[in-house]
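Architecture and fold: a report
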Amino acid sequence: MREQAGLYAGEIEDELLAAAGGGDADAAHRLGRLHARRGDQEGARHWWERAAVTGNIDSAYNLGVWHERHGTFDEALRWYETAAGLGDAEAAANLATLLLERRGDVAAARCWFERAAQRGSRPAARRLALLCERDGETRTAREWHREAALRGDAASAFDLGCLAYESGEDTEALHWWELAARGGHTDAACATGLLLQATGDPEGAEAFFRLAAAAEHPAAASHLGGIALARRDLTSARAWFERAADAGRVGDQRMAGFVCVELGDAAAASHWFGRAAASGDAEAAYNFGLLLIAEDGDLAAGQQWFRQAALGGHHRAARELGTLLSITGNAEEGERWLAEAPPPGLGRVSDTALVARAELAATITGRHGDAPLDAGKLVEILGTWDQITRDLPDHAGAVAWLGDLAVLPESAIDRLSSARATLLRPGNAPWPGPTEVEEALATARLLRRRLTPESCGG
């Protein structure tokens with residue numbers, strides 16, 4: 001049977017050779033495929049060239065791929081352009097990609113991406129959308145992301161949701177993020193959870209956090225830990241926080257430590273506080289010091305971690321360090337720490353809507369590999385404003401009132417107020433940049449120091 005099959009295959013090849021010799025482009029193309037399957041790359045190229053010069057679009061495309069794989073990019077461009085000119089969408093997309101990545105010719109690449117997208121290429125529609133985003137053409141970018149998303153591109157559905165959220169269109173953002181999440185996009189699942197959390201749907205938020213966490217999304221695991229903790233389900237909270245902590249999230253290492261303390265597992269608490277403290281987390285360092293003193297009676301180690309926390313700006317650590325130094329015979333240094341303790345920090349913000357808005361801003365600003373805004377700083381900005389204005393009867397005059405009370409320029413407080421407004425209700429202004437965030441954060445800390453010096457945490 002094998003011998004007969006070989007004879008039959010040989011007869012077919014003889015027939016193809018005869019037809020190709022007579023100018024049959026399809027026969028030449030099939031011969032090229034036959035040689036490619038045998039691993040005869042040069043033979044494949046020979047027959048595809050024969051077919052391509054007589055108008056075979058598949059051979060022209062295959063030659064583009066052949067030359068791209070062999071590093072002869074000028075030839076790849078030539079053959080891709082031939083196939084694209086004959087209507088091949090994939091060739092047009094490959095041509096655009098080479099023009100962009102090898103020659104930096106953005107204008108020509110956009111032209112070919114557009115032609116490919118118009119012919120139904122989903123990858124081309126996405127690449128075109130990203131180019132439009134880069135050039136600030138948001139409306140056009142949304143149109144092409146929509147084309148890609150409707151053809152099944154989950155990444156474009158996610159980006160479409162991000163662009164909608166930036167424009168203040170929560171309902172539209174939710175629609176596209178849900179679509180992307182159901183297509184397996186874990187960042188979209190987490191973003192959906194955050195937006196539902198921000199808009200008062202905790203059950204819906206939990207469902208999408210679980211969807212993301214099932215795909216090992218550490219931020220989603222962190223939020224599930226917070227949900228479990230709010231229910232006082234400490235066992236579940238520990239499991240979720242530890243999953244997030246294992247991914248290197250310092251804040252979740254600290255939270256895992258707190259939960260382990262409540263569960264009475266001092267060894268595990270020491271492990272998590274120690275890991276977070278080693279990464280520079282002042283709150284974890286402070287609690288690690290407390291734990292070492294309470295569990296082991298190790299004053300020297302406690303003093304070491306109090307000092308690290310105090311140098312990191314932790315108010316209570318500085319006070320504990322000052323007291324401990326005074327007890328252990330270093331009264332002069334102890335008095336200095338007591339007198340010059342850093343101002344109190346904000347403490348943990350319990351308003352999940354504020355936290356969700358901050359994390360959404362961080363997610364969106366970092367979605368294309370850019371440095372994201374620091375979610376922790378954004379939470380501090382939002383939490384500070386919420387704390388110091390909570391009892392105001394009239395929020396319309398908050399900027400002037402705070403300026404007078406804290407003896408700060410109204411312009412600084414107005415910038416803080418503007419950053420807060422954008423974070424809570426995007427769409428009316430661009431996201432604050434890193435410099436604006438630092439300015440707003442400095443103002444927030446001054447307000448806390450001058451208005452609520454002893455009422456905060458850390």
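Keep in mind that what you see is a predicted model, and the values were worked out from it rather than measured.

Reading the values: rules and limits
Sequence order sets the numbering: in each chain, residues are counted from 1 along the sequence as written. Only residues with pLDDT of at least 70 are given local features in this predicted model, and only at 80 or more are side-chain atom pairs given and counted; all residues enter the totals for whole chains, interfaces and linings. The basis for every side-chain value is the complete set of non-hydrogen atoms in the structure, without hydrogens or water. The numbering of helices and of strands both runs from the N terminus, where a helix is a DSSP run of H or I of at least 4 residues and a strand a run of E of at least 2. In this treatment the radius of gyration is a C-alpha quantity, and the globule benchmark scales as 2.2 Å times the residue count to the 0.38 power. Any two residues whose heavy atoms approach within 4.5 Å at even a single point are treated as in contact. The method behind every accessible area is Shrake-Rupley, applied with a 1.4 Å probe, and residues are considered shielded solely by the protein chains displayed. Relative accessibility decides the category of a residue: with a 1.4 Å probe and only protein chains considered, values under 20% of the type maximum give buried, values over 50% give exposed, and everything between is partly exposed. What counts as a domain boundary in this text is fixed by an automatic or database domain assignment. Salt bridges are identified by distance alone: a Lys or Arg side-chain nitrogen within 4 Å of an Asp or Glu carboxyl oxygen. Two aromatic rings, drawn from Phe, Tyr or Trp (for Trp, its six-membered ring), form a pair once their centres lie within 6.5 Å of each other, and the interplanar angle then sorts them: stacked below 30 degrees, edge-to-face above 60, tilted otherwise. The convention used is that axes are lines fitted to C-alpha atoms, helices contributing only their stretch in contact, and that angles between N-to-C directions extend from 0 to 180 degrees. Note on angle classes: values under 35 degrees are labelled roughly parallel, values over 145 roughly antiparallel, values of 65 to 115 roughly perpendicular, and the remainder oblique. What makes a crossing left-handed is the near helix being turned counterclockwise from the far one by less than a right angle; a clockwise turn instead makes it right-handed. Classification convention: Asp, Glu, Lys, Arg as charged; Ala, Val, Leu, Ile, Met, Phe, Trp, Tyr, Cys, Pro as nonpolar; all other residues, Gly among them, as polar. Remark: nonpolar core denotes a set of buried residues (Ala, Val, Leu, Ile, Met, Phe, Trp, Tyr, Cys) joined through side-chain atoms within 4.5 Å. Each residue carries a pLDDT score, the predictor's confidence in it, ranging from 0 to 100. Any two cysteine sulfur atoms lying within 2.5 Å of each other are counted as a disulfide. Expected span of a helix: the number of residues minus one, times 1.5 Å. Contacts described as polar in this section are N or O atom pairs within 3.5 Å, which, within protein, must combine one atom able to donate a hydrogen with one able to accept it, while residues neighboring in sequence count only if both atoms come from side chains.

What follows covers the overall build of the protein. In terms of helices and strands, the protein carries 26 helices and zero strands. Against the globule reference of 23 Å for 458 residues, the protein gives a C-alpha radius of gyration of 31 Å, more extended than a compact globule. If one aligns the C-alpha atoms of the protein with their principal axes, the spans along those axes are about 100 × 55 × 40 Å. Of the contacts formed within the protein by residues at least 6 apart in sequence, a portion of 50% connects residues at least 24 apart. Summed over its atoms, the accessible surface of the protein is roughly 22000 Å², and 49% of this surface lies on carbon and sulfur atoms.

The next point concerns unusual backbone geometry. For Arg 232, which is not a glycine, the phi torsion comes out positive at approximately 65°. The backbone of Val 407 sits at a positive phi, close to 55°, despite the residue not being glycine. By relative accessible area, Val 407 is classed as exposed at 65%.

Okay, the domain arrangement of the protein next. Where interface size is given, it is often the accessible area lost as the parts come together that is meant. With domains assigned, the protein is organised as domain 1 (216-270), domain 2 (280-345) and domain 3 (362-450). In this structure, domain 1 and domain 3 have C-alpha centres spaced 28 Å apart.

To continue, consider the pattern of salt bridges. Per the stated rule, a full pass over the model turns up 31 salt bridges. Of the charged contacts in the structure, one is a salt bridge between Glu 133 and Arg 367, with a shortest N-O distance of 2.5 Å. Of this pair, Glu 133 sits in helix α8 (residues 122-134) while Arg 367 is found in the loop between α22 (352-365) and α23 (375-389), placing the two residues 234 residues apart along the sequence. Residue Glu 133 is classed as buried on the basis of its relative accessible area, which comes to 18%. Residue class for Arg 367 comes out buried when judged on its relative accessible area of 17%. Arg 232 is the salt-bridge partner of Glu 262, the closest N and O atoms lying 2.4 Å from each other. Of this pair, Glu 262 sits in helix α16 (residues 250-262) while Arg 232 is found in the loop between α14 (218-230) and α15 (234-246), placing the two residues 30 residues apart along the sequence.

The geometry of an aromatic ring pair is captured by the separation of the ring centres together with the interplanar angle, meaning the angle of the planes. Inspection of every chain in the model, using the stated rule, returns seven aromatic pairs. Here Tyr 165 and Trp 431 contribute two aromatic rings whose centre-to-centre distance is 6.3 Å and whose plane-to-plane angle is 20°, an arrangement assigned as stacked. Residue Tyr 165 is located in helix α10 (residues 154-166), and its partner Trp 431 is located in the loop between α25 (410-424) and α26 (434-451); the two are separated by 266 residues in the primary sequence. On the accessibility criterion, Tyr 165 (0% relative accessible area) is buried. You can call Trp 431 buried: its relative accessible area is 16%.

The subject of this paragraph is the environment of His 217. Inspection of the secondary structure assignment puts His 217 in the loop between α13 (202-214) and α14. Accessibility expressed as a relative area gives 12% for His 217, which makes it buried. For the pair His 217 and Ala 92, spaced 125 residues apart in sequence, the C-alpha separation works out to 36 Å. Filtering out sequence-adjacent residues up to four positions away, His 217 remains in contact with Thr 186, Asp 187, Cys 190 and Ala 212.

Here we take up the packing of α10 against α22. Where α10 contacts α22, the axes come no closer than 11 Å and their chain directions differ by 125°. One finds that α10 runs oblique with respect to α22. Note on packing geometry: the crossing formed by α10 with α22 is left-handed. Seen from α10, the contacting residues are Phe 158, Cys 162, Tyr 165 and Glu 166; seen from α22, they are Arg 357, Leu 360, Thr 363 and Ile 364. Here the residues of the contact of α10 with α22 are counted per class, giving five nonpolar, one polar and two charged.

Within the largest apolar cluster, 66 residues are counted, with the highest numbers of intra-cluster contacts made by Tyr 165, Trp 177, Phe 209 and Leu 447. Mapping this core onto the domain boundaries places at least three of its residues in each of domain 1 (216-270) and domain 3 (362-450). Not counting the four nearest positions on each side in its chain, Tyr 165 is found in contact with Asp 170, Ala 173, Trp 177, Leu 195, Arg 357, Leu 360, Ile 364, Leu 423, Pro 426 and Trp 431. Ala 44, Ala 60, Trp 79 and Ala 148 belong to the second-largest nonpolar core, a separate cluster that totals 36 residues.

Bringing the confidence of the model for the protein into the picture now. Of the residues in the protein, 94% have a pLDDT of 70 or more, and the chain-wide mean is 91. Confidence over residues 1-9 falls short of pLDDT 50; this stretch has zero contacts with residues more than four positions distant or in other chains.

Closest axis-to-axis distance for the α22/α23 pair is 8 Å, and the angle between their directions is 145°. Crossing of α22 against α23: the hand is right-handed. Across the interface between the two elements, Leu 354, Val 355, Ala 358, Glu 359, Ala 361 and Ala 362 from α22 touch Ala 375, Leu 378, Val 379, Leu 382, Gly 383 and Asp 386 from α23. When grouped by side-chain class, the residues that make up the contact of α22 with α23 number nine nonpolar, one polar and two charged.

What follows deals with the side chain of His 314. Here His 314 shows up in the loop between α19 (299-311) and α20 (315-327). Relative accessible area serves as the criterion here: at 4%, His 314 is assigned to the buried category.

For the structure shown, the criterion picks out zero disulfides. The thiol of Cys 111 is unpaired, and the distance to the nearest cysteine sulfur, on Cys 132, comes to 13 Å. Unpaired in this structure, Cys 190 has its nearest cysteine sulfur neighbour in Cys 162, at a distance of 12 Å.

The terminal C-alpha atoms of helix α4 (residues 57-69), which comprises 13 residues, lie 19 Å apart, in line with the 18 Å expected from a rise of 1.5 Å per residue. Here α4 has its buried residues at Ser 59, Ala 60, Tyr 61, Asn 62, Leu 63, Gly 64, Val 65, Trp 66 and His 67. In this structure, the buried side of α4 is in contact with α2 (25-38), α3 (41-52), α5 (73-85) and α6 (89-103). Among the residues of α4, the N-terminal cap falls to Asn 56, whose side-chain oxygen and the backbone nitrogen of Asp 58 are separated by 3.2 Å. Following α4 by one or two positions, Gly 71 has its phi on the positive side, about 80°.

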